[in-house]
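Descriptive analysis of the structure
Here is how the chains run, residue by residue.
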Amino acid sequence: MNHLFKILNIKPNEVLPSFILFSHSFLLVIIFIFSKTIRDTLFLTQFEKKWLPIMYLLSSIIIWIIIKFIWVKRRRENFINDNYKFYIFLFLVTLIFGIIKNYYFIPAYYLWVEVVTILMGMVYWDCATFSFNNLQAKRVFPLITAGGSFAGILIGGSMSFIIERIDLYNLIIITAFFMLAIIFIIKCSTSFFNKQHF
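This text gives an overview of the structure that appears in the document. Here the structure is a predicted model, which means the values were calculated and not measured.

**A look at the overall build of the protein**
Helices and strands together make up the secondary structure of the protein, namely nine helices and zero strands. In the protein, the succession of helices and strands from N to C terminus is α-α-α-α-α-α-α-α-α. Out of the 198 residues belonging to the protein, those deemed buried represent 45%. Of all intrachain contacts in the protein linking residues separated by at least 6 positions in sequence, the fraction that spans at least 24 positions is 87%. Split by element, the accessible area of the protein, about 11100 Å² in all, is 68% carbon and sulfur.

**A word on the side chain of Arg39**
Position of Arg39 among the secondary structure elements: in helix α2 (residues 15–46). Here Asp40 takes part through its side chain, which lies 2.8 Å from a polar atom of the side chain of Arg39. Not counting residues within four places of it along the chain, the set of residues in contact with Arg39 comprises Tyr109, Tyr110, Val113 and Glu114.

**Here's the deal with the environment of Tyr104**
By the secondary structure assignment, Tyr104 is in the loop between α4 (79–99) and α5 (106–131). Taking C-alpha positions, Tyr104 is 9.8 Å from Gln46, a pair spaced 58 residues apart along the chain.

**With respect to α5**
The terminal C-alpha atoms of α5 lie 37 Å apart, and with 26 residues this matches the ideal 38 Å at 1.5 Å per residue to within 8%. Summarising burial for α5: 20 of the 26 residues are buried, a large majority.

Cut-offs and rules
Residues numbered from 1 in each chain as written. Predicted model: local features only at pLDDT ≥ 70, side-chain atom pairs only at ≥ 80, totals over all residues. Heavy atoms only, no water. Helix = DSSP H or I, 4+ residues; strand = E, 2+ residues; numbered from the N terminus. Buried < 20%, exposed > 50% of the residue type's maximum accessible area, 1.4 Å probe, protein only. Contact = heavy atoms within 4.5 Å. Areas by Shrake-Rupley, 256 points an atom, 1.4 Å probe, with all protein chains shown as cover. Polar contact = N/O pair within 3.5 Å; in protein donor to acceptor, adjacent residues only side chain to side chain. Expected span 1.5 Å × (residues − 1).

Everything listed is a geometric property; what it means functionally is a separate question.
Structure (structure tokens):
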């Protein structure tokens with residue numbers, strides 16, 4: 001086992017937080033791939049390509065507003081509870097998009113995916129930053145982000161197979177439950193947060 005730790009360049013006390021964040025990264029990329037594939041397929045099958053530049057513009061504006069006026073105003077002492085509430089909110093809204101199969105909701109879902117992927121990525125890197133100091137990060141971050149690479153290879157290569165067999169709206173619901181699973185991962189990772197960050 002010690003030989004394996006040397007190969008991975010991690011210490012025994014870093015194994016559990018590394019595994020938790022590896023799993024977080026794995027689920028995160030699955031959600032990203034599912035969401036963006038569903039979004040693009042739904043939008044392009046119902047709307048003409050000429051509407052895409054408008055959607056890009058609206059996505060940028062919404063993300064700027066959220067980061068500028070909401071995200072940066074978070075209080076660090078409420079970081080953990082805020083993230084629980086944040087992911088429950090993401091879960092519920094995404095679940096609604098999967099249940100309500102309405103043509104007019106597709107543009108809203110397109111914008112929703114852009115916002116969700118940006119903010120979920122920020123939460124992930126917050127958790128990673130709070131779990132390791134600078135010296136640890138240099139060694140551990142390549143390992144924990146490998147979870148995302150593994151998910152990209154696994155899900156990216158089988159996405160066409162999945163879409164052929166599962167309805168897109170059912171995939172949205174599945175994506176919502178992956179978001180719910182990340183709440184459990186965040187709960188596990190908080191026990192490793194360094195106190196000096198708060």
